[in-house]
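One letter stands for each residue in the lines below.
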Amino acid sequence: MELFKIKKDIPFMKHALVFNAISFITFALAVFFLFSRGLHLSVEFTGGTLMEVSYSQPADLQKVRGTVSTLGFSEVQVQNFGSARDVMIRLPAQKGVSSAQQSDKVLAALKADSPDVTLRRTEFVGPQVGDELAEDGLKALGFVVLGIMIYLAVRFEWKFAVSAIIANLHDVIIILGFFAFFQWEFSLAVLAAVLAVLGYSVNESVVIFDRIRENFRRYRKMNTVEIIDNAITSTISRTIITHGSTQIMVLSMLLFGGETLHYFAMALTIGILFGIYSSVFVAAAIAMWLGIQREDLIKPLKKDNDPGDENSGAVV
């Protein structure tokens, strides 16, 4: 299905150097903010108090969040679990205040607003658990990157694998740079969104790479730049339909999903936007500069009737 059909190829690679310079500057700024400001890690990573409370009626999460915030907690996670009457509250650790003191203080404030609230359980999440989660998250990211590189190298060619993984890491670092610059809370949900963006972004790169390989077989008079421009142009309609529908869904989560889904949806929104950009102006351009050519994807075959003849080669 195509929303529109472009008859003349758009010269994307003509402007590849300019757009990649913009990408490099954005990437460098993201790295700078990551090192200078760092990520604002959530309770899962830094440790804190976890409370589960129950109401006799469906809980008003906005009211609960406001009540807890008035106690001086800067970052509080409030969400339902199990049912609309059960609420989970994550409190950041405070110096000189024990987990029991935190939970007693919060429970007293909640009871003042709603006497029917009851404490189901409370526990302390230590920083050691947070360190393990951070380490496991980095391992997961590493395994995803390694798997993508192996897949692309086997299915296409190592130049495509290198260009795609550079483009994907470009998206991930920029997402982390946004979270470092604005000091948005980085939680396990955001980490899941980052991993999802890796898979989502490589999908667009694979579509373009597959069309490039197909064009090398179909158009023998085109050079590499013309082949890449044609591949990107011919997949524009598919890109708009796919990414447009996905972005509408993610934006709905961002606008109407509430506090619980806000940063998860924000990470996906940034990742999808930069994923489209990187697939066209980063992955394809790097593959071009690495010298991708027809011979890399379509190996010449010798004639069956004279396998030893050096001058014989099957026309592909």
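Predicted model only: the values in this text are computed from it and were never measured.

Observations regarding the overall build of the chain
1) Next: Counting secondary structure elements, the chain contains eleven helices and six strands.
2) Next: Relative to its length of 316 residues, the chain is extended, with a C-alpha radius of gyration of 26 Å against a globular reference of 20 Å.
3) Next: By its C-alpha atoms, the chain is 90 × 40 × 35 Å across when sized along the principal axes.
4) Next: Partitioning the intrachain contacts of the chain with sequence separation of at least 6 by distance along the chain shows that 76% fall at a separation of at least 24.
5) Next: A gap of 6 Å separates the mean positions of the 28 positive and 30 negative side-chain charges of the chain.

So, the environment of Ile165
1) Next: One can find Ile165 in helix 6 (residues 158–182).
2) Next: Residue classification places Ile165 among the buried residues on the basis of a relative accessible area of 6%.
3) Next: As for Ile165 and Ser98, which are separated by 67 residues in sequence, their C-alpha atoms are 45 Å apart.
4) Next: Once residues lying within four places of it in the same chain are set aside, the contact partners of Ile165 are Val145, Ile148 and Met149.

What about the layout of surface pockets?
1) Next: Estimates place the volume of the largest pocket at around 440 Å³.
2) Next: Here the lining of the largest pocket takes five residues from helix 10 (residues 258–289), the largest share from any one element.
3) Next: Each residue belonging to the lining of the largest pocket can be placed in one class, and the counts come to nine nonpolar, six polar and six charged.

Remarks on the pattern of salt bridges
1) Next: A full pass over the atoms with the stated rule returns eight salt bridges.
2) Next: Asp210 serves as the salt-bridge partner of Arg213, at 3.0 Å between the closest nitrogen and oxygen. Of this pair, Arg213 and Asp210 both sit in helix 7 (residues 188–218), three residues apart, which is roughly one turn of the helix.
3) Next: Residue Arg213 is classed as buried on the basis of its relative accessible area of 15%.
4) Next: Each member of the salt-bridge network shares a partner with another, and the members are Glu52, Arg121 and Glu123.

Looking at the packing of aromatic side chains
1) Next: Evaluated as defined, the whole model comprises 15 aromatic pairs.
2) Next: Judged by centre distance (4.8 Å) and plane angle (10 degrees), the rings of Phe182 and Trp184 are stacked.
3) Next: Taken together, Phe32, Phe33, Phe178, Phe179, Phe181, Phe182, Trp184, Phe186, Tyr263 and Phe274 form an aromatic cluster joined through their ring pairs.

With respect to the nonpolar core
1) Next: Grouped together as the largest cluster of nonpolar side chains are 58 residues, with contacts concentrated most on Met13, Leu152, Phe160, Ile212 and Ile232.
2) Next: Only helix 5 (127–155), helix 6, helix 7, helix 8 (224–234), helix 9 (236–256) and helix 10 provide two or more residues apiece to this core.
3) Next: In terms of residue count, the dominant contributor to this core is helix 10 (16 residues).
4) Next: Setting aside residues no more than four positions away along its own chain, Ile212 makes contact with Phe160, Ile227, Ile228 and Ala231.
5) Next: If you look at the next biggest cluster of nonpolar residues, it comprises 17 residues, including Leu61, Val76, Val87 and Leu107.

Concerning the side chain of Gln77
1) Next: Take Gln77: it is sitting in strand 3 (residues 77–81).
2) Next: Residue Gln77 is classed as buried on the basis of its relative accessible area of 11%.
3) Next: Within the structure, the side chain of Gln77 is placed 3.2 Å from the side chain of Glu185, a separation counted as a polar contact.
4) Next: Setting aside residues no more than four positions away along its own chain, Gln77 makes contact with Ser42, Val43, Glu44, Met88, Ile89, Arg90 and Glu185.

With respect to the packing of helix 7 against helix 8
1) Next: Two elements in contact, helix 7 and helix 8, have axes separated by 9 Å at closest approach and are oriented at 130 degrees. One finds that helix 7 runs oblique with respect to helix 8. In terms of crossing hand, the pair formed by helix 7 and helix 8 is right-handed. Taken together, the residues of helix 8 that come into contact with helix 7 (itself represented by Ile208, Arg211, Ile212, Asn215 and Phe216) are Thr224, Ile227, Ile228, Asn230, Ala231, Ile232 and Ser234.
2) Next: Tallied by class, the residues present in the contact of helix 7 with helix 8 amount to seven nonpolar, four polar and one charged.

Remarks on the side chain of Asn230
1) Next: Note that Asn230 resides in helix 8.
2) Next: For Asn230, a relative accessible area of 12% translates into the label buried.
3) Next: The contacts of Asn230, once residues within four sequence positions are left out, are Asp9, Asn215, Tyr219 and Met222.

Here's the deal with helix 8
1) Next: Here helix 8 has its buried residues at Ile227, Ile228, Asp229, Asn230, Ala231, Ile232 and Thr233.
2) Next: Contacts from the buried residues of helix 8 go to helix 7, helix 9 and helix 10.

Describing helix 4 (residues 99–113)
1) Next: Spanning 15 residues, helix 4 covers 22 Å between terminal C-alpha atoms, matching the ideal 21 Å at 1.5 Å per step.
2) Next: Taken together, the buried positions of helix 4 are occupied by Ser99, Gln102, Ser103, Val106, Leu107, Ala109 and Leu110. Down the axis of helix 4, the buried side of the element spans an arc of 160 degrees, and every buried residue falls inside it. With respect to the buried face of helix 4, the exposed residues turned more than 90 degrees away are Asp104 and Ala112.

Cut-offs and rules
- In this numbering scheme, every chain counts its residues from 1 along its sequence in written order.
- Given that the model is predicted, a residue must reach a pLDDT of at least 70 before its local features are reported, and side-chain atom pairs must reach 80 or more before they are shown or counted; all residues, however, enter totals for whole chains, interfaces and linings.
- Water and hydrogen atoms were dropped before computing side-chain values, which therefore reflect all heavy atoms in the structure.
- In this description a helix means any DSSP run of H or I spanning at least four residues, a strand means any run of E spanning at least two, and both kinds are numbered starting from the N terminus.
- Our radius of gyration looks at C-alpha atoms and nothing else; its globule reference is 2.2 Å times the residue count to the power 0.38.
- Contacts are assigned to residue pairs with any non-hydrogen atoms lying within 4.5 Å of each other.
- Only four residue types enter the charge count: Lys and Arg as positive, Asp and Glu as negative, with His and the chain ends excluded.
- Where a charge sits is defined by one atom per residue type, namely NZ (Lys), CZ (Arg), CG (Asp) or CD (Glu).
- Remark: exposure states derive from per-residue accessible area (1.4 Å probe, protein chains only) relative to the maximum for the residue type, with buried under 20%, exposed over 50%, and partly exposed in between.
- Two kinds of site are reported from a 1 Å grid over the protein atoms alone, namely cavities, where a 1.4 Å probe fits but cannot get out, and pockets, open sets with protein on both sides within 12 Å along at least five of seven lines, and residues are called lining when an atom falls within 4 Å of a point.
- Grid points are joined across faces, edges and corners, and a volume is the space filled by probe spheres set on the points.
- Gly is put with the polar residues, along with every residue not named as nonpolar or charged; the nonpolar set is Ala, Val, Leu, Ile, Met, Phe, Trp, Tyr, Cys and Pro, and the charged set is Asp, Glu, Lys and Arg.
- What counts as a salt bridge is simple: a side-chain nitrogen of Lys or Arg found within 4 Å of a carboxyl oxygen of Asp or Glu.
- Classification of ring pairs rests on two measures: the distance between centres of Phe, Tyr or Trp rings, Trp counted by its six-membered ring, which must be within 6.5 Å, and the angle between planes, read as stacked under 30 degrees, edge-to-face over 60 and tilted in between.
- In this text, buried Ala, Val, Leu, Ile, Met, Phe, Trp, Tyr and Cys residues form a nonpolar core when linked through side-chain atoms within 4.5 Å.
- Nitrogen and oxygen atoms within 3.5 Å of one another constitute a polar contact, given that in protein one can donate a hydrogen and the other can accept it, and given that sequence-neighbouring residues count only through two side-chain atoms.
- Axis definition: a line fit to C-alpha positions, over the contact stretch in the case of helices; interaxial angles, taken between N-to-C directions, run 0 to 180 degrees.
- Geometric relationships in this document are graded by angle, where less than 35 degrees denotes roughly parallel, more than 145 denotes roughly antiparallel, 65 to 115 denotes roughly perpendicular, and other angles denote oblique.
- Whether a crossing is left-handed or right-handed is set by the direction in which the near helix is turned from the far one by less than a right angle, anticlockwise for left-handed and clockwise for right-handed.
- Residue count minus one, scaled by 1.5 Å, sets the expected span of a helix.
- Relevant arc is that of directions from the helix axis to the C-beta atoms, nothing else.

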